[in-house]
Amino acid sequence: MKRRHFVAGAGLALAAPSLIIRNVAAQALASGAGFPFSVASGDPTSDAVVLWTKLARAADDLTPVANGSVEVEWIVANDERLTDIVRRGVGIARPEFGHSVHVDVEGLQPDRWYWYAFRLGGEMSPVGRTRTLPSASAALSRFRFNVVSCQHWENGYFDAYDGMAEDDASFVLHLGDYIYEVGRGGVRSHESKTAPANLDDYRRRHALYKTDAALRRAHERLPFMVTLDNHDALTENTDDMAKLKLRAAAYQAWYEFQPVRNAPLLSSPAMPILRGRDIGGLLRLSIPDTRQFKDSESVCAAGTDRNFAFGVFQKACEASEAAGRSMLGAPQETWLDERLKTSQARWNVLASTVMMTPFDMDHEGALYRYLQSWDGYPAERARILDQIEKYRVSNPIAIAGDIHSNLVSDVVRRAGDDPKTALMSEFVGTSISSLWPEPLAKPMRDALPANPHIRHYEYTRRGYLRMTVTEDRWTTDLRTIDFTDKPGGKVSTDRSFVVENGQTGVKAA
Ligand SMILES: [Fe+2]
């Protein structure tokens, strides 16, 4: 059954619940099932939002709560006490998806706060808050959202999320590395020292991450839009069956634990991930999938000094410049082209997990680049920049994560170009907790003089970005936390940058 059909028929299900499912719900209750992962919401549109929860006896007990599907009631209200009810229905927690519940609640009003909860028999979930997007045609004077990425459990606590309590943002955009598959120890330990090798392993890893208190509070407070980077599901475009099988497991567990609309097919290594949103006339947001269709990142690995920067930065080679190389794959490139061509929005945002900005580094006289980023796909990047130029796209802005550093730049075509020739500006946000070790930081630091389009680079601080968008100005606040080695760190604004409407180049605020 398609999810949308289920949602449309939710009222019917309430009126005539199947006896079998009701019995299974009783069985689940008897087994001690509850909501140890609390609740979350995500993928907001102007009239819908996905509500999420997952039934379990405890966060570290992932044995099925029942043999079959379980009915879970949901409720959406205008108030925190859930007295002014807007919508209600029944969601199905299916065993094949780990008894997770995803309800796509439609027919909501745009740009509005809602509160919601789930109920299983007499067991009530915590109450979550969510928000719809403004309608695409709304005249918006101001819009605010947060951007996060990279939360390594072992590297630190996720308390940077608590800084958002004072932000008055409409949603959280998560650019990936929601989980990490390996760690070398740190302030706390993964449940296993080894990387997930199957679906249950991935489920246990996600379950662990969901127990971080600040992350839980953030999910209860704001809708998320989540995309995936390399640590969520390692594999790039490949024919290797073992890798594809692992990717299928990673995708399924990711779906089971995320408030997202599109389910993967069971055991399928394919999942629809890209998203586009129009937020008033102010903002067109494009979030492509930068992993699933990506050509190899290791194309220059053979000539690379593996002892330099852990082999993460590679010696530039001709193969990486090939015209046919792609991070997005042809269908997504066409999708993005169409979005750039047809946009009427004041600000046009490409949120792509990895940085767009060219960055040339030197190692013993040789040119090195971070080929996992857009620097490994320069022909495709040039095509996107060509489109931005050709269509005279209004105020293009790139957003990325991945490098656990705050990096603010103007996206020139080639490193060393005059920053005045830049076609867009980019904000790369630092990590929630993941560290950027010195062997990676030093080559970037040393390369700054040769890359004058990089306006700011800082890698020791953890945190997130706060974007405030008005007709006249884009403001990015670098929100950083004072410590992450224990809970309780406090967030403040480290510094701010602006892009003025119609002007090229980012400036310190
Ligand atoms: Fe990361």
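Cut-offs and rules
Residues numbered from 1 in each chain as written. Predicted model: local features only at pLDDT ≥ 70, side-chain atom pairs only at ≥ 80, totals over all residues. Heavy atoms only, no water. Domains from an automatic or database assignment. Contact = heavy atoms within 4.5 Å. Buried area = accessible area lost by both parts, 1.4 Å probe. Helix = DSSP H or I, 4+ residues; strand = E, 2+ residues; numbered from the N terminus. Buried < 20%, exposed > 50% of the residue type's maximum accessible area, 1.4 Å probe, protein only. Donors = N, O, S within 2.8 Å, 3.2 Å for Na, K, Ca; no water. Tetrahedral: all angles 85-135°; square planar, octahedral: opposite > 155°, others 65-115°. Phe/Tyr/Trp six-rings, centres within 6.5 Å; stacked < 30°, edge-to-face > 60°. Lys NZ or Arg CZ within 6 Å of the ring centre and 35° of its normal.

1. Comments concerning the domain arrangement of the protein
Right, so step 1: Looking at the protein, the domain boundaries give domain 1 (1–132) and domain 2 (133–508).
Right, so step 2: The C-alpha-based centres of domain 1 and domain 2 are spaced at 30 Å.
Right, so step 3: Tallying the contact residues gives 37 residues for domain 1 and 32 residues for domain 2.
Right, so step 4: Taking both sides of the interface into account, the surface hidden between domain 1 and domain 2 amounts to around 2900 Å²; carbon and sulfur atoms contribute 57%.
Right, so step 5: Area buried by domain 1 at its contact with domain 2 is led by Asp-43, Pro-44 and Phe-97, which between them contribute 22% of it.

2. Description of unusual backbone geometry
Right, so step 1: A positive phi angle, close to 55°, is found at Asp-111, a residue other than glycine.
Right, so step 2: Here Asp-111 lies in the loop between strand S5 (100–105) and strand S6 (113–120).
Right, so step 3: Looking at Asp-111, the relative accessible area reads 30%, which means it is partly exposed.
Right, so step 4: The residue Asp-402 is not glycine, and still its phi comes out positive at about 75°.
Right, so step 5: Its location among the elements puts Asp-402 in the loop between strand S18 (396–400) and strand S19 (406–411).

3. Description of the coordination of the iron ion
Right, so step 1: For the iron ion, the full set of protein donor atoms is Cys-150 (SG), Asp-177 (OD), Tyr-180 (OH) and His-404 (NE2), at a range of 2.0 to 2.5 Å.
Right, so step 2: The coordination sphere of the iron ion comprises four donor atoms, whose angles at the metal cover 86 to 173°; the geometry is irregular.
Right, so step 3: Motif for the iron ion, donor spacing along one chain: C-x26-D-x2-Y-x223-H. Highlighted residues: Cys-150 in the loop between strand S9 (142–148) and strand S10 (172–174) and Asp-177 in the loop between S10 and helix H4 (199–209), separated in sequence by 27 residues. Per residue, the accessibility class of Cys-150 equals that of Asp-177, and both read buried.

4. Quick word on the packing of aromatic side chains
Right, so step 1: Counted under the stated rule, the structure contains 15 aromatic pairs.
Right, so step 2: The interplanar angle of 85° and the centroid separation of 5.3 Å between the aromatic rings of Phe-37 and Phe-257 together place this pair among those described as edge-to-face. Placement of the pair is Phe-37 in the loop between helix H3 (19–30) and strand S1 (40–42) and Phe-257 in helix H6 (residues 241–257), with a sequence separation of 220 residues. Of the two residues, Phe-37 and Phe-257, neither departs from the other in class, the shared state being buried.
Right, so step 3: Relative to Trp-474, the ring of Phe-427 has its centre 6.4 Å away and its plane inclined at 5°; by these criteria the two rings are stacked. On the criterion of sequence distance, the pair formed by Phe-427 in strand S20 (residues 424–428) and Trp-474 in strand S23 (residues 473–481) is long-range, its members being 47 residues apart.
Right, so step 4: We classify Trp-474 as buried; its relative accessible area is 0%.
Right, so step 5: Here the aromatic cluster, defined as three or more aromatic residues joined through ring pairs, consists of Phe-143, Phe-145, Phe-171, Trp-347, Phe-427 and Trp-474.
Right, so step 6: A cation over an aromatic ring shows up here: Arg-129 above the ring of Trp-113, its NZ or CZ 3.6 Å from the ring centre.
Right, so step 7: One cation-aromatic arrangement involves Arg-188 over Phe-158; the distance from NZ or CZ to the ring centre is 4.8 Å.

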